[in-house]
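Here is how the chains run, residue by residue.
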Amino acid sequence: MKKKIFILLLFVPLLAAVVAAQDDIAYRNQRWKEFNKNNFDKFDFAKARLTKARIANLKEDAVDDFALLRGVIFGKRGRIFKERSIQEYLGKQTWYKANKNFTNAVLSRMERTNLDFIRLTEADKHPTIEPGDMRVWQNKLITDENLREYTGAELTILIAEIEAIHGKTFPTEEWLQKYFDDRYWYKADPAYSGTVLTATERKNIEKLIGEKDKGRHTAISIGDMENFQNALLTEDKLAGLSILELRILREEFWARHGKKFDAPGIRQYFEWQDWYKPAKNQATVKLNKIEQQNVDLLAAYEAKMREKLSTDLMSDDALGDMFAEDLRVLRNEIYARHGRIFKDAALQKYFTAQAWYKPNPDFKDEMLNDVESQNLVKIRAAEESATSKFAEVEG
């Protein structure tokens, strides 16, 4: 009975989230209708210049009119957006024709001028600094009030953007170079020198570096894998990530291609991401060569962390807020590394598939060392408080 009550309580907030999501969709559709009344689809962005009066009615809320307007300019050239909200909007417009061969090179000078006008107007309205805003901050000092919580990649981009505006290239950071190559305003300058930076820009770089050094900021974070779909990850970027983060980062590559997930925790995590859209035909869900290499690197690094459960005491943040189904496997892995044979068929099948697993019919709990025993206590405590606990545990 307790288990049924738990599951019922778990699904009450999920049901509320579904209702809220339906309300959001209705609001979004209404706002799209309002946006279309501006008749931007009939505006010739390649020949005519936008004015303040022309965009005076645009709003920036849950539905960002400025982002939609930028989407229209690019959309008229057939660009396919990674941002789900913009791409869904374009997909509903009769004039939109997707062009897989789109590049920023096709944009005319006037189109770029209009994009600058929109982007800089948008940046001025942002309550906090966002990637893409730094041109507005070339002569303004950044203060604490201008900052929010950022991922490691976002801070890296913001810091680099100050110099990218002047044409700096990033030969040792392939993903960062690809990011800026995709910006319509970016012009690489092989002769770039930091001496062109103003005193304000230098202070802003120092401010953002200080923000990055403050608290826990890993080099990459969940949600950043969009930047590594065509750029290789390196092991040095994985330092400080929890086992949960490594797992989700692996799955994120698949999720960005529309994979459906069976594990409740992982499934629910991606269902509420704006960019996630499950593919109808799962047979088409495939990774490219670089994505597969990145997934393999993440899996190997995660395996190293798991192996340390027998030799190193876990830090408080090593697990992150792991899902109960994953914690169950992790806890039993400590036993499995000593060859324990499991009554649970699913667990036994999972460990049998691991190259390191060797069944030991004579296994006893006394075989565990002190480190393993202490790590078991930590994992069990985390498991008991995990919010996606659907099944009884073993071990």
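All values reported here derive from a predicted model rather than from experimental measurement.

Moving on, we get to helix α5 (residues 152–164). Its 13 residues place the ends of α5 18 Å apart at the C-alpha level, agreeing with the 18 Å of an ideal helix rising 1.5 Å per residue. Across the 13 residues of α5, 12 count as buried, placing the element largely inside the fold. All buried positions along α5 are accounted for by G152, A153, L155, T156, I157, L158, I159, A160, E161, I162, E163 and A164.

This paragraph deals with the packing of aromatic side chains. One pass over the full model with this rule turns up 25 aromatic pairs. Just above the ring of F74 sits the side chain of R79; from NZ or CZ to the centre is 4.6 Å. Lying over the aromatic face of F81, R79 brings its terminal NZ or CZ to 4.2 Å of the ring centre.

This part covers the side chain of D224. Its place among the elements puts D224 in the loop between α7 (199–213) and α8 (243–255). R256 provides the closest opposite charge to the buried, salt-bridge-free D224, at an N-O distance of 7.3 Å. Here the side chain of D224 touches A153 through a polar contact of 3.5 Å, landing on its backbone nitrogen. Within the structure, D224 has its side chain in polar contact with the backbone nitrogen of S221 (distance 2.7 Å). Ignoring sequence-local partners within four residues, the contact set of D224 consists of T151, A153 and E252.

To continue, consider the nonpolar core. Grouped together as the largest cluster of nonpolar side chains are 82 residues, with contacts concentrated most on F40, L69 and F180. When residues no more than four places from it in sequence are discounted, the contact partners of F180 are I157, A160, E161, A164, F170, W185 and Y186. Listed in part, the 16 residues of the second largest apolar core include V136, L147, L158 and I159.

Mapped onto the secondary structure, W185 falls in the loop between α6 (174–181) and α7. Take W185: its relative accessible area is 16%, and that puts it in the buried class. It is 9.9 Å that separates the C-alpha atoms of W185 and G167, two residues lying 18 residues apart in sequence. Other than its neighbours up to four places away in sequence, W185 contacts D116, R135, E161, A164, I165 and F180.

A word on the confidence of the model for the protein. Per-residue pLDDT for the protein averages 86, and the proportion of residues at 70 or more is 90%. Confidence, expressed as mean pLDDT per element, reaches its minimum in the protein at helix α1 (residues 2–36) with 62 and its maximum at helix α2 (residues 65–75) with 95. In the predicted structure, residues 1–20 sits below a pLDDT of 50 and forms 12 contacts with residues beyond four places in sequence or in another chain. Below a pLDDT of 50 lies the segment residues 387–395, which in the model reaches 34 contacts outside its immediate sequence neighbourhood of four places, other chains included.

The subject of this paragraph is the pattern of salt bridges. A complete count under the given rule lists 26 salt bridges for this structure. Residue D144 is joined to K207 by a salt bridge in which the shortest nitrogen-to-oxygen separation is 2.4 Å. With D144 in the loop between α4 (109–125) and α5 and K207 in helix α7, the pair connects residues that are 63 residues apart, well separated along the chain. One salt bridge in this structure joins R328 and D344, with 2.8 Å as the shortest N-O distance. Of the two residues, R328 is situated in helix α11 (residues 324–336) and D344 in the loop between α11 and α12 (345–352); the sequence distance between them amounts to 16 residues. Exposure remark for R328: the relative accessible area of 16% places this residue in the buried category. Salt bridges sharing partners connect three or more residues here, namely R250, E302, R306, E333 and R337.

This brings us to the packing of α2 against α4. In the contact formed by α2 and α4, the axes pass within 10 Å of each other and the chain directions differ by 170°. Compared by their axis directions, α2 and α4 come out roughly antiparallel. Handedness of the crossing formed by α2 with α4: left-handed. Residue-level contacts link F66, A67, L69, R70, I73 and F74 of α2 to E111, N114, L115, I118, R119, T121, E122 and K125 of α4.

Procedures and definitions
Residues numbered from 1 in each chain as written. Predicted model: local features only at pLDDT ≥ 70, side-chain atom pairs only at ≥ 80, totals over all residues. Heavy atoms only, no water. Helix = DSSP H or I, 4+ residues; strand = E, 2+ residues; numbered from the N terminus. Expected span 1.5 Å × (residues − 1). Buried < 20%, exposed > 50% of the residue type's maximum accessible area, 1.4 Å probe, protein only. Phe/Tyr/Trp six-rings, centres within 6.5 Å; stacked < 30°, edge-to-face > 60°. Lys NZ or Arg CZ within 6 Å of the ring centre and 35° of its normal. Lys, Arg positive; Asp, Glu negative; His and termini not counted. Salt bridge = Lys/Arg side-chain N within 4 Å of Asp/Glu carboxyl O. Polar contact = N/O pair within 3.5 Å; in protein donor to acceptor, adjacent residues only side chain to side chain. Contact = heavy atoms within 4.5 Å. Core = buried A, V, L, I, M, F, W, Y, C linked by side-chain atoms within 4.5 Å. pLDDT = per-residue confidence, 0-100. Axes fitted to C-alpha atoms, helices over the stretch in contact; angles between N-to-C directions. Parallel < 35°, antiparallel > 145°, perpendicular 65-115°, else oblique. Left-handed = near helix turned anticlockwise from the far one by under 90°.

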